[in-house]
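Results of the structural survey
What follows is each chain in one-letter form.
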Amino acid sequence: MEAYKQSIGRRKKEEIDTLIQDPFLNDFCKIIQSKAYRRLAAKTQVFSRTGDPHIRTRLAHTDEVVATSIAIADQLQLNKNLCMAIAAGHDIGHTPYGHLGEGKLAELSGKSFKHNVFGVVIAQHIERGGRGLNLTFETLDGILKSSRGPGVLFTDEGVPQEYTAVMFADKISYTFADLNDALRYGYLQEVPAVAKGLGWDQRTRTEKVVKALVAESREKDSVSFSHGEVFVQFEELRDFMYKNVYYKIDTSLHKGIVEGIYNFFSGEEFKSKYPSVDPVIATALLTDKEADEFGNILMRMKRPSLDDIKNFGIFDIFSDFKYWKNDLSQIDYTSPDLDWGKR
């Protein structure tokens, strides 16, 4: 297999951020300096508000995906910089409380809401006061195509191998890290037998799975992980995590908070001051920490006001839009808007 080399380009001609010659390394640096990336530090990965600094945030998970992506790309001689850029941006579109939040927003709005799509929207139309990060098409397209849910980890035909490498790196990283955190948090009392079969700790399990993926990918001359004993064990562990951890967490409180926030942003006070802001976008841009704070406000009073949340980061974003004279009402959060790159 061959590494992806030549980018088809960016949406706009680059006027700043021209110091780094490699386009994908440039993308990586743009992403890790963005507001969206910084917000990941205040978003939970699986377990919220534990007080334990060693339980992963969404940012810690993202950094682990970057590391695993580099390992896969290095072994298969793929474009490491492209993998790093996609991995750094793959979760920037997550709402408060992750998948729970995006599902609740879809229910409340009656429209599709997908974090991978919204991540591309943020990168193109929300960052830097609506001017966007001006990333390459490949980084944006890779972010869009990195998401998979439970079930078989299918691969996309015809996309750069780096996209698939990051997709697998994401699944490998969260499966082992979330197991680690479930044990640390006390949600699980012992290491499941299938995990023990993959190694005695997270690093040995990760290395074993990555080596199996690399061997299969070399055999098929494309990034692949779909057969063999290690694959079967890994899929059994993923299935275990969904059934015994992800689906068992009580999400009722967080769903109620998301609904309360959405209703507030749909209300008269907010709309009178920010008439062009879709309540879905306003809610989705909050961190878990801010959502928790709003939940506490809702418990203390029936009618929160804008003054109660004036410290929230969204108002910084709204100010940037006003300064640059851009309009949030023109943003379609359901569309990745990547037709410009399909030439």
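Reference entry: report on the structure contained in this document. Going along each chain's sequence as written, the residues are numbered from 1 onward. In keeping with the predicted nature of the model, local features appear solely for residues at pLDDT of at least 70, side-chain atom pairs appear and are counted solely at 80 or more, and the whole-chain, interface and lining totals rest on all residues. Only hydrogens and water are set aside; all other atoms, that is, all heavy atoms of the structure, feed into the side-chain values.

1. A few points about the pattern of salt bridges
Basic side-chain nitrogens of Lys or Arg form a salt bridge, by our definition, when they fall within 4 Å of a carboxyl oxygen of Asp or Glu. For the coordinates displayed, the defined rule picks out 19 salt bridges. Among the salt bridges present, the one from Arg58 reaches Asp91, with a minimum N-O distance of 3.1 Å. Linking Arg58 in helix H3 (residues 58-76) with Asp91 in the loop between helix H4 (80-89) and helix H5 (99-109), this pair joins segments that are 33 residues apart in sequence. The class for Arg58 is buried, based on a relative accessible area of 6%. Of the charged contacts, one joins Asp339 and Lys342 as a salt bridge, the two residues approaching to 3.9 Å between their closest N and O atoms. Across this residue pair, the class does not change: Asp339 and Lys342 are exposed. Members of the salt-bridge network, linked through shared partners, are Arg10, Glu14, Asp27 and Lys30. By the criteria applied, helices consist of DSSP H or I runs no shorter than four residues and strands consist of E runs no shorter than two, each listed in order from the N terminus. Only protein chains enter the accessibility calculation, which uses a 1.4 Å probe; a residue whose area is less than 20% of its type maximum is buried, one above 50% is exposed, and one in between is partly exposed.

2. Considerations on the nonpolar core
Phe118, Ile126, Phe265, Phe270, Phe315 and Phe318 are the most contacted members of the largest nonpolar core, which totals 103 residues. With eleven residues, the top contributor of residues to this core is helix H8 (residues 161-185). Every residue pair with non-hydrogen atoms within 4.5 Å of one another is taken to be in contact. The contacts of Phe270, once residues within four sequence positions are left out, are Phe264, Phe265, Val277, Ala282, Leu306, Phe315 and Phe318. Here, nonpolar core refers to any group of buried Ala, Val, Leu, Ile, Met, Phe, Trp, Tyr and Cys residues whose side-chain atoms link them within 4.5 Å.

3. Considerations on unusual backbone geometry
One non-glycine residue, Tyr97, lies in positive phi territory at about 65 degrees. Position of Tyr97 relative to the elements: it lies in the loop between H4 and H5. The backbone phi angle of Lys325 is positive, close to 60 degrees, even though this residue is not glycine. Tracing the chain through its elements places Lys325 in the segment after helix H16 (314-323). Looking at Lys325, the relative accessible area reads 75%, which means it is exposed.

4. A look at the packing of aromatic side chains
The criterion for an aromatic pair is that two Phe, Tyr or Trp rings (for Trp, the six-membered ring) have centres within 6.5 Å, with stacked assigned to planes under 30 degrees apart, edge-to-face to planes over 60 apart and tilted to the rest. Tallying each qualifying case throughout the model produces 22 aromatic pairs. Aromatic side chains Phe225 and Phe231 sit 5.2 Å apart centroid to centroid with 90 degrees between the ring planes, which places their arrangement in the edge-to-face category. Under the relative-accessibility criterion, Phe225 is labelled buried at 3%. Taking relative accessible area as the criterion, Phe231 reaches 14% and is therefore assigned buried. Following the ring pairs from residue to residue traces out a cluster consisting of Phe264, Phe265, Phe270, Tyr274, Phe294, Phe315 and Phe318.

5. Here we look at helix H10 (residues 202-220)
The terminal C-alpha atoms of H10, which comprises 19 residues, lie 27 Å apart, in line with the 27 Å expected from a rise of 1.5 Å per residue. Buried residues of H10: Gln202, Arg205, Thr206, Val209, Val210, Leu213, Val214, Glu216 and Ser217, and no others. Where the residues of H10 are buried, they touch H3, H8, helix H9 (193-196) and helix H11 (229-244). Remark: Asp221 follows H10 within two positions and exhibits a positive phi of approximately 60 degrees. What a helix is expected to span follows from its residue count: subtract one and scale by 1.5 Å.

6. Let's talk about the packing of H8 against H10
A pair of packed helices is characterised by two quantities: the angle between their axes and the separation of those axes. Helix axes are fitted only over the stretch in contact, all axes being lines through C-alpha atoms; the angle between N-to-C directions runs from 0 to 180 degrees. For the pair H8 and H10, interaxial distance at closest approach is 10 Å and the crossing angle is 155 degrees. As judged from the angle between their axes, H8 and H10 are roughly antiparallel. Crossing geometry of H8 relative to H10 is assigned as right-handed. On H10, the residues touching Phe168, Ile172, Phe176, Ala177, Leu179 and Asn180 of H8 are Gln202, Arg205, Thr206, Val209, Val210 and Leu213. Each residue is assigned to one class: nonpolar for Ala, Val, Leu, Ile, Met, Phe, Trp, Tyr, Cys and Pro, charged for Asp, Glu, Lys and Arg, and polar for all the others, Gly among them. Within the contact of H8 with H10, the residues separate by chemical class into eight nonpolar, three polar and one charged. Any angle between 65 and 115 degrees counts as roughly perpendicular, while under 35 counts as roughly parallel, over 145 as roughly antiparallel, and the rest as oblique. Handedness of a crossing is defined here by the sense of rotation of the near helix relative to the far one, left-handed for an anticlockwise turn of less than a right angle and right-handed for a clockwise turn.

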